[in-house]
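Given next are the chains, with one letter for each unit.
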Amino acid sequence: MTSIPLFMKLSLPFLSFLLINFLSGYAQNVPVQKITDKPTIDGDLSDWKTSFSRPFVIHNSGEKATQNTVVSLSWNEENLYVAYRSIDSQIVGKPQSKDSEIYKTDDLVEIFIDPDGDGQNYIEIGVNAFSTNYDMLIKCISPECGGWKTSTSFDISGLEAVSKITPEGFCTEIKIPFSSLEKIQNGHFSKPKIGTKWKGNTFRIDYGNTTEYLALQPYKSLKFGFHQPQEFAVFEFVE
């Protein structure tokens, strides 16, 4: 009897997962996979259908993290969706008010999005393990455009962000409506379609036994700090 080659036995989703993770190790492109449904934003990832990334690494060295974090990005005609799985044996943080500076105190995950890739007027969103979140507009960080300027009064209308604590750590889901990004002044936002590319990156700050600043795409310059827009990854919207 003729044997069936191993690659023919593998399911299409599994092959896609292998391909995405293979490519992500050699390129800065991060696939944002199109979906037809609308995920429920509740921190429960049992119904999440798109594949997850390789684990995050130390953001300015590329070294392996103490505790793993993975992320998945997807989209439909209305929203960008982001999901994280964070292994965490010692969760640091607590419920706080909206737009608190949780990045200084709490374990959290973050996403930066710069649709036109010019390093100006990009957004930062962070969510801790207790669903406290903030959204911020980064107007400029480069001396060439006036130095560090942020707008904490900026709010993404329709933003949903929920975390759920699990036995392994915590999971987080975020929904970002495209309609809210259209309102960013000088953001040059246009609704994505298949093939659209944005600049951005995803992060985690882990304040456990050892404080670590992690990223999906590490920075080749080895600079400290997440705000290095010239080194953001490429979010590519795919079918």
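Note that the structure is predicted; figures quoted are calculated from it, not measured.

(A) The arrangement of the environment of D114 in detail. Mapped onto the secondary structure, D114 falls in strand β5 (residues 108-114). When the C-alpha positions of D114 and G187 are compared, they lie 8.0 Å apart, and in sequence the two are 73 residues distant. Beyond its immediate stretch of four places on either side in the chain, D114 contacts G119, Q120, Y122, W198, K199 and F232.

(B) Region of the structure containing the environment of T211. With respect to the helices and strands, the residue T211 is situated in strand β12 (residues 211-215). Remark: the alpha-carbon pair of T211 and T66, spanning 145 residues in sequence, is separated by 9.5 Å.

(C) The arrangement of unusual backbone geometry in detail. The residue N121 is not glycine, and still its phi comes out positive at about 55°. The phi angle at S131 is positive, at roughly 75°, despite the residue not being glycine. In this structure, S131 sits in the loop between β6 (122-128) and β7 (133-140). Using a relative accessible area of 23% as the deciding quantity, one classes S131 as partly exposed.

(D) Representation of the nonpolar core within the structure. By size, the foremost hydrophobic cluster in this structure holds 36 residues, and its most contacted members are L80, I111, I123, I125, I174, I176 and W198. Elements supplying a minimum of two residues to this core: β1 (29-34), β3 (69-75), β4 (79-87), β5, β6, β10 (169-177), α3 (178-181) and β13 (233-238). Those residues in contact with I176, other than ones at most four positions away along the chain, are E78, N79, L80, I111, I113, I125, I156, L159 and L181. Grouped together as the second largest cluster of nonpolar side chains are 15 residues, M136, I141, Y207 and F226 included.

Rules behind the numbers
- Residues numbered from 1 in each chain as written.
- Predicted model: local features only at pLDDT ≥ 70, side-chain atom pairs only at ≥ 80, totals over all residues.
- Heavy atoms only, no water.
- Helix = DSSP H or I, 4+ residues; strand = E, 2+ residues; numbered from the N terminus.
- Contact = heavy atoms within 4.5 Å.
- Buried < 20%, exposed > 50% of the residue type's maximum accessible area, 1.4 Å probe, protein only.
- Core = buried A, V, L, I, M, F, W, Y, C linked by side-chain atoms within 4.5 Å.

Note that all results are geometric; they support no functional claim without further evidence.
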